[in-house]
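Listed below, chain by chain, are the residues.
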Amino acid sequence: AQTVTQSQPEMSVQEAETVTLSCTYDTSESDYYLFWYKQPPSRQMILVIRQEAYKQQNATENRFSVNFQKAAKSFSLKISDSQLGDAAMYFCAYSFPQGGSEKLVFGKGTKLTVNP
Amino acid sequence: DAGVTQSPTHLIKTRGQQVTLRCSPKSGHDTVSWYQQALGQGPQFIFQYYEEEERQRGNFPDRFSGHQFPNYSSELNVNALLLGDSALYLCASSLRALNEKLFFGSGTQLSVL
């Protein structure tokens, strides 16, 4: 069974600084997707970034980037120039699409606090 | 575009009761998935509906059932509620054919007393 582990229950960062959130996963599949989702107090899960396992290039989305190490099964999220609005729960997730559908397996999350 | 809408936002039930949660997918989406998020945990996949049929199911008992209507909206039903069913229930929609990303609603917070 696939599992996703986030070893940092809480992290904090100063505004404008950089922070890295860690994630490891376990799978026997060779082709899969990895995601980082943000969940603010509004409770809605918002996709931050998505990585396809067959792509060696790390995904980037503006201030957000990932360090994808496939052999080590590691998928960390780097947030640059942190803003107060980045404060939220962050969840790492794995997906192995079957027949076109997408079932996500989530980690337990990391609570990010941004200090002014 | 209203995105994914869920109703109600909050619900309080007692043990043994039955509950129905509703979800309207984002416009143009045909696939609906349901997730349960217990306090302090990540969401767990319950099941997914496409073309009015359950296509995948997670490790949840038969007390959890669902339905998808011709307009792609969906219901999640939970029978014989237990205290452990207290959680945030999230609905997510997508367009299956293009394997597009999931869009989530803001969830229904269910409290079982």
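Residues numbered from 1 in each chain as written. Chains lettered and ligands numbered in written order. Predicted model: local features only at pLDDT ≥ 70, side-chain atom pairs only at ≥ 80, totals over all residues. Heavy atoms only, no water.

### Focus: the pairing of strand S9 (residues 74-79) of chain A
Residues and elements named next belong to chain A. Note that strand S3 (residues 19-21) and S9 share 3 bridges and pair antiparallel. Within the sheet, the bridge partner assigned to Leu21 lies in S9 and is Leu77. Hairpin connection from strand S8 (residues 64-69) to S9: 4 residues lie between these consecutive antiparallel strands, with Lys73 at a positive phi of about 55°. (Pairing = 2+ DSSP bridges. Helix = DSSP H or I, 4+ residues; strand = E, 2+ residues; numbered from the N terminus.)

### Quick notes on the pattern of salt bridges
This structure, assessed with the given rule, holds 7 salt bridges over all chains. A salt bridge links Lys55 of chain A to Glu52 of chain A; the nearest nitrogen and oxygen atoms lie 3.9 Å apart. Lys55 of chain A sits in the partly exposed class, given a relative accessible area of 41%. Between Glu54 of chain B and Arg57 of chain B there is a salt bridge, with its nearest N and O atoms 3.1 Å apart. Residue Glu54 of chain B is classed as partly exposed on the basis of its relative accessible area of 35%. Since its relative accessible area comes to 28%, Arg57 of chain B is described here as partly exposed. (Salt bridge = Lys/Arg side-chain N within 4 Å of Asp/Glu carboxyl O. Buried < 20%, exposed > 50% of the residue type's maximum accessible area, 1.4 Å probe, protein only.)

### Quick look at the side chain of Glu75 of chain B
Residue and element names in this part refer to chain B. Position of Glu75 relative to the elements: it lies in strand S8 (residues 74-78). A distance of 3.4 Å separates a polar atom in the side chain of Glu75 from a polar atom in the side chain of Arg22. Leave out the neighbours within four places in its chain, and Glu75 touches Thr20, Leu21, Arg22, Trp34, Ser65, Gly66, His67 and Phe69. (Polar contact = N/O pair within 3.5 Å; in protein donor to acceptor, adjacent residues only side chain to side chain. Contact = heavy atoms within 4.5 Å.)

None of the figures reported here should be taken as evidence of function without further support.
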